[in-house]
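This is what each chain is made of:
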Amino acid sequence: MARPGAELVGRRFELDTIDGALADVMAGSFRAVAIRGEPGVGKTLLLGELAERAGGHGLPVNRGRATEFEQNVPFGIFIDAFERLAATGAPPPELDLLTAASGGGQAELDRYRLFRGVRRLLEGQAGRRGAILVLDDLHWADPASLALTEYLLRRPPRGPVLVAVAHRVAQPPPGLADALVRLDSAAVQLAVEPLGEDDVAAMFPTQPHERRTLLHRATRGNPLYLRALAETDEETLTALARQAVDDRIVPERALLDVLGAELATLAPEPLLVAQAAAVAGDPADRDLVAYVTELPDESVAAAFDVLTRTGMTAPEGPRFRFRHPLVRAAAYWLSQPGWRVHAHGRIAHYLADRHGPLLVRAHHVERSARPGDEDAVATLAAAATATRHASPTMSARLARRALQLLSDRTEPADGVADELRILLARTLGLSGELGESRKLLHDVIQADGPHRTEAVAFCAVVYRLLGKLDEARALLTNELDRLPARGAPTAKTLLELAGVDLLCQDPAAVCRHAGEALAAAEGDHDTGLVPAAHAVLALGLLQCDESDSAGTHVDQAAWLVDAAPDAALLPELGTLGPLAWVELHLRHPERATRHIGRALELARGSGLAHTMPHLLIVDAYVRTRRGQLTEALASADEALDCAAVMNAGEAVAMAMAVRLRPTLWQHGPRAALGVAGRSGEDGRPGGGWWSGLAELGRAEVYLAAGDAQGCLAELAGESADGATASSRLALRAVASVACGLLDDGRRQAGEALRRAERSAGAHQLATAHHALARVRWAAEDPDAGTEAARTAVTRFAEAGSPVEEGIARQLLAELYASTGRLGAAREEFGRAKVLYAASAATWLSAELARDERRFAARAPRPRRSDENGLAALTTREREVVDLATAGLTNREIAERLYLSPKTVETHLSRAFAKLHVRSRVDLTRRVTGSG
Ligand SMILES: Nc1ncnc2c1ncn2[C@@H]1O[C@H](COP(=O)(O)OP(=O)(O)OP(=O)(O)O)[C@@H](O)[C@H]1O
Ligand SMILES: [Mg+2]
């Protein structure tokens, strides 16, 4: 192979762009560089330049590439990229996840945890200086690698990281283009064009002008082609130049032909070794090549020497890598198909003997197995199982192949086929290919074997995801006719049915079916079915406004859940979301936090990724209520990540919805409107017990942004959900008042209060009173308004909702101020301020400060802060004092500030001494300047 001077010519613009991106990264930003272009145009060379320059700046570079024939190893390109890092003394722990996922070692690995892990790894590696990830030949990447790449671009690492990718034009990886567009100016895309005549002149400075022109015309400026044809005779070049007029770019075929022709000039042994190496992998293992070719070691070594001398391969440690992927492809296709199947078979055998990596084995088995080969089916089934979380697409392909091998058998398979079908159906179902999933499940149901009930249950889930609720119901009802009246399968089927009822917003049916499930599972102490049934029943009852019975069942569920071992809970983990939700409504916020915390821990620990989004959504909701806004946003973010990875559209929409309130309170209406807009774009949650929440959240944001009409429009529809009914009415009342519709407001607030009283939830009562206060104030009855606001404050405090308590206190302060009770007003402002600060409700704090300034301009000046002695306090003492005035106990203050209760006590007693006060009441008076 001709190799005239390997240095780079031309490419000024591309290199400047790369330098620009590197400079941005070193200045602290994330950047993506995407390089595309025809085969051999110089993408890899440019990535190499990038890597070298980054290395020159002292940045760590992880460089991986995909290979044409091994798209079977999940995360292959990432394994390659982090290979060097993994070989260091103390590789980052996130790499274990990657290795496990790729080896199929850890069956229950959930890929979203891995995705976040890789992002964290890059963030850690980058620190403040920067890190580079280079992914080459993305058009060949395995589906898992592609998904991870897309993820890294959609949710880029925070900090100075550069992700550079290259792929051929003809095969743009799906999803990647869109992710790059969304990155906007943080992504640069380079389309690499063939070299110009000047570049060819620079490449071959000693050749005569006419020959360079001919070379340029014959190769259309493709550098790989140029190098391959550099020594070709005039006549061939002229013929090629004539052909070239028709084709704008060099067809891959032409490149393979020249490279193949070069290979064909090799002696038989080096050629055989090249072909075996091409089948074995890139880089290829020498021993493996010897086994495949059945040549003695020395001959193989000698053959590799020849290949290296002629520039076909290069040694890489103990292995050999082809100079260019097209050289490998040429060698691969030069061999006879029958021989290739034989070679793959030998490699599979070699690896099986040595317990080689399961997925690599599966790769070769897939290409060599014969119908009816039971070992092959077992290998493929094992590989499909191992990859079902890490790489659903691959798992599906392997399972399909295994089923194909089985289908040729004359005897019906002993349940193996059904098992494979269910595996395939689950994988397809969870990655959104629902139609085929349903078909497979029906095959299993029809076969009526031991896997029937499992197939029915999952089929109902598929129907649910498809939105075909009637079909789901029919399937489950039909199954119930076949099942005995009692027992775990019956209970499970009834619970599925209740799940469908929830989606249909039919609370009465939820209660009926969950109740029947409870009866069917009676006496079952081994599974989590009984607490699950109690939890779902409690939710149904809550929606039917039967809070007392809901309370009884939720207590039962809680008690049983607390007593149940992890293993029993795992299959019913999803029902802990509704449990926490009901608990939050029925004044048990701590219990809600505890249960959702345990559920998340279990889901994380066991890789039950599909339950994560909904649990995280409930977690975000609970935390928002409890004034942990930063943590709430973190959970919502994680839910979003996780749902996006799973392609779960409904959960994505819901995760956006739970971001609304914390975003509003922390970042204000403009940011929240952005979230509301995006949540609309991603599709609205279709139904279910949570869909009312999404509407409420959006309506609240519109109102805060001054769009009361929009708020009313959002809440115009009817909702069958008793749990959120009073909150909807309350919000409508406030919006009506803002639109000047006082009568409407009065009616709605009254109705909200009636419904809240029926439900007896502290939060609902608080919300209703808050609305009432606003209506009364607008009706110029501030005294009645004050009374309602005071009740709202007490109820919000009871419900454990500090942010809303703050909002109610702020309203109370304004009401006091409007009636001239300035001391009381100041005190309430002070309390609201502390509540906001403790919840990190930044925007509300800023709004409050503005409000207070307005108030101060009207009111007589309060004592200056140095007059009440607060200036004498240290920052820490001041923080402790502020929280104490807000009514937090020492233990609570300690938790918030990450101090020990003892330290809190010390700070407080010092503050007492400095301020000359003896009690907390005195302290509050002093701090708020009242009294
Ligand atoms: N600007 C250039 N100047 C000199 N040589 C170049 C230039 N660009 C590419 N080459 C040479 O052409 C050959 C092919 O380049 P490279 O491997 O970078 O192509 P590629 O676009 O990555 O192809 P593929 O799509 O097949 O991966 C290499 O030998 C490379 O050194
Ligand atoms: Mg390349």
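Residues numbered from 1 in each chain as written. Chains lettered and ligands numbered in written order. Predicted model: local features only at pLDDT ≥ 70, side-chain atom pairs only at ≥ 80, totals over all residues. Heavy atoms only, no water.

- The protein chain goes by Regulatory LuxR family protein in an unreviewed UniProt entry, where it is assigned to Actinophytocola oryzae.

### Points about the overall build of the protein chain
Inference 1: Within the protein chain, the regular secondary structure consists of 49 helices and 8 strands.
Inference 2: Along the first, second and third principal axes, the C-alpha atoms of the protein chain reach 100 × 70 × 55 Å.
Inference 3: Per-residue burial for the protein chain yields a buried fraction of 56% across its 931 residues.
Inference 4: Long-range pairs, those at least 24 residues apart, make up 67% of the contacts in the protein chain between residues at least 6 apart in sequence.
Inference 5: Summing over all exposed atoms, the protein chain offers an accessible surface of approximately 39100 Å²; the carbon and sulfur share of this is 52%.
Inference 6: Taking the average location of the 107 positive side-chain charges in the protein chain and that of its 122 negative ones, the two points are 6 Å from each other. (Helix = DSSP H or I, 4+ residues; strand = E, 2+ residues; numbered from the N terminus. Buried < 20%, exposed > 50% of the residue type's maximum accessible area, 1.4 Å probe, protein only. Contact = heavy atoms within 4.5 Å. Areas by Shrake-Rupley, 256 points an atom, 1.4 Å probe, with all protein chains shown as cover. Lys, Arg positive; Asp, Glu negative; His and termini not counted. Charge placed at Lys NZ, Arg CZ, Asp CG, Glu CD.)

### Comments concerning helix H46 (residues 875-885)
Inference 1: Looking only at H46, the buried set comprises Glu 877, Val 880, Val 881, Leu 883, Ala 884 and Thr 885.
Inference 2: One or two residues past the end of H46 sits Gly 887, with phi positive at roughly 95°.

### Brief notes about the environment of Leu 883
Inference 1: Here Leu 883 is to be found in helix H46.
Inference 2: A sequence separation of 13 residues divides Leu 883 from Arg 896, and the C-alpha atoms of the two residues are 9.1 Å apart.

### A short note on the site of ligand 1
Inference 1: With respect to spatial proximity, 20 residues lie near ligand 1, and among them Gly 40, Lys 43, Thr 44, Arg 168 and Arg 227 are the closest.
Inference 2: One of the backbone nitrogen or oxygen atoms of Gly 42 is found 2.9 Å away from an oxygen atom of ligand 1.
Inference 3: Here ligand 1 loses 93% of its free accessible area of 630 Å² to cover by the protein chains.
Inference 4: Going through the elements one at a time, helix H2 (43-56) and helix H11 (223-229) are the ones with two or more residues in the shell around ligand 1.
Inference 5: Of the residues in the shell around ligand 1, the class split is 9 nonpolar, 4 polar and 7 charged. (Near = heavy atom within 4 Å. Polar contact = N/O pair within 3.5 Å; in protein donor to acceptor, adjacent residues only side chain to side chain. Nonpolar A, V, L, I, M, F, W, Y, C, P; charged D, E, K, R; others polar.)

### Regarding the pairing of strand E7 (residues 313-316)
Sheet faces and side chains relate simply in a regular strand, where the side chains alternate between the two faces.
Inference 1: Relative to strand E8 (residues 319-322), E7 is paired through 4 bridges, and the arrangement is antiparallel. Among the inter-strand pairings, Thr 313 is bridged to a residue of E8, identified as Phe 322. (Pairing = 2+ DSSP bridges.)

### Looking at the environment of Arg 63
Inference 1: With respect to the secondary-structure elements, Arg 63 resides in strand E2 (residues 61-65).
Inference 2: Considered as a pair, Arg 63 and Ala 713 are 650 residues apart in the sequence and their alpha carbons are 53 Å apart.

### Looking at the packing of aromatic side chains
Inference 1: Tallying each qualifying case throughout the model produces 8 aromatic pairs.
Inference 2: Measuring from ring centre to ring centre gives 3.9 Å for Phe 69 and Tyr 332, while their planes differ by 25°; the resulting arrangement is stacked. With Phe 69 in the loop between E2 and helix H3 (76-81) and Tyr 332 in helix H17 (residues 325-334), the pair connects residues that are 263 residues apart, well separated along the chain.
Inference 3: The exposure class assigned to Phe 69 is buried, which follows from its relative accessible area of 9%.
Inference 4: Classification of Tyr 332 by relative accessible area gives buried; the value is 7%.
Inference 5: On the basis of an interplanar angle of 55° and a centroid distance of 4.8 Å, the ring pair of Trp 581 and Tyr 621 is categorised as tilted. (Phe/Tyr/Trp six-rings, centres within 6.5 Å; stacked < 30°, edge-to-face > 60°.)

### A look at the sheet that holds strand E6 (residues 284-285)
Inference 1: The 3 strands are arranged E6-E8-E7 in an open sheet whose pairing can be described as antiparallel. Two strands bound the open sheet, and with one partner strand each, they are E6 and E7.
Inference 2: Helix-sheet contacts for helix H16 (residues 297-309) involve E7 and E8, and the interaxial angle to E7 is about 115°. (Axes fitted to C-alpha atoms, helices over the stretch in contact; angles between N-to-C directions.)

### A word on the domain arrangement of the protein chain
Inference 1: Along its sequence, the protein chain is carved into domain 1 (12-191), domain 2 (197-250), domain 3 (253-332), domain 4 (336-398), domain 5 (758-858) and domain 6 (866-928).
Inference 2: Measuring from the centre of the C-alpha atoms in domain 4 to the corresponding centre in domain 5 gives 67 Å. (Domains from an automatic or database assignment.)

### Structural notes on a negative patch on the surface
Inference 1: Taken together, Asp 285, Asp 287, Asp 297 and Glu 298 make up a surface patch of like negative charges.
Inference 2: With respect to the secondary-structure elements, Asp 297 resides in helix H16. (Patch = residues over 30% accessible without salt bridge, like charges linked within 9 Å, V, L, I, M, F, W, Y side chains within 5 Å. Salt bridge = Lys/Arg side-chain N within 4 Å of Asp/Glu carboxyl O.)

### A short note on the nonpolar core
Inference 1: Counting 170 residues, the largest nonpolar core has Leu 420, Val 582 and Cys 711 as the members making the most contacts within it.
Inference 2: For this core, the leading source of residues is helix H28 (residues 529-543), giving 11 residues.
Inference 3: When residues of this core are assigned to domains, at least three map to each of domain 4 (336-398) and domain 5 (758-858).
Inference 4: Discounting chain neighbours no more than four positions away, the residues touching Val 582 are Ala 538, Leu 539, Leu 542 and Val 554.
Inference 5: Ranked by size, the runner-up nonpolar core spans 57 residues in total, among them Met 312, Ala 329, Ala 330 and Tyr 350. (Core = buried A, V, L, I, M, F, W, Y, C linked by side-chain atoms within 4.5 Å.)

### Digging into the state of the cysteines
Inference 1: A full pass over the atoms with the stated rule returns 0 disulfides.
Inference 2: Free of any disulfide, Cys 511 has its nearest neighbouring cysteine sulfur in Cys 544, separated by 4.0 Å.
Inference 3: Note on Cys 511: relative accessible area 15%, which makes it buried. (Disulfide = S-S within 2.5 Å.)

### Regarding the sheet that holds strand E1 (residues 31-37)
Inference 1: One open sheet holds the 5 strands; their spatial order is E2-E3-E4-E1-E5, and the pairing between them is parallel. Two strands in the sheet have a free side with no partner beyond their single neighbour: E2 and strand E5 (187-191). The mean inter-strand angle of the sheet, taken between neighbouring strand axes irrespective of direction, is 10°.
Inference 2: As paired elements, strand E3 (residues 131-136) and strand E4 (residues 161-168) share 5 bridges and run parallel to each other. Its bridge partner lying in E4, Leu 133 is registered against Val 163.

### What about the confidence of the model for the protein chain?
Inference 1: Across the protein chain, the average pLDDT comes to 85, with 91% of residues at or above 70.
Inference 2: By mean pLDDT, helix H5 (residues 94-103) is the weakest element of the protein chain at 74, and E3 is the strongest at 96.
Inference 3: For the stretch residues 1-5, pLDDT sits under 50, and the model shows 14 contacts to residues farther than four places along the chain or on other chains.
Inference 4: Predicted confidence for residues 861-865 stays below pLDDT 50, and this span has 5 contacts to residues more than four positions away or in other chains. (pLDDT = per-residue confidence, 0-100.)

### Observations concerning the packing of helix H14 (residues 268-280) against helix H15 (residues 286-293)
Inference 1: It is the contact of H14 with H15, at a shortest axis distance of 9 Å, that shows an interaxial angle of 115°. One way to sum up the angle between H14 and H15 is to call them roughly perpendicular. With respect to the hand of their crossing, H14 and H15 are arranged in right-handed fashion. Contacts between H14 and H15 involve Leu 272, Val 273, Ala 276, Ala 277 and Ala 280 from the first element and Leu 288, Val 289, Val 292 and Thr 293 from the second.
Inference 2: The residue makeup of the contact of H14 with H15, split by class, is 8 nonpolar, 1 polar and no charged. (Parallel < 35°, antiparallel > 145°, perpendicular 65-115°, else oblique. Left-handed = near helix turned anticlockwise from the far one by under 90°.)

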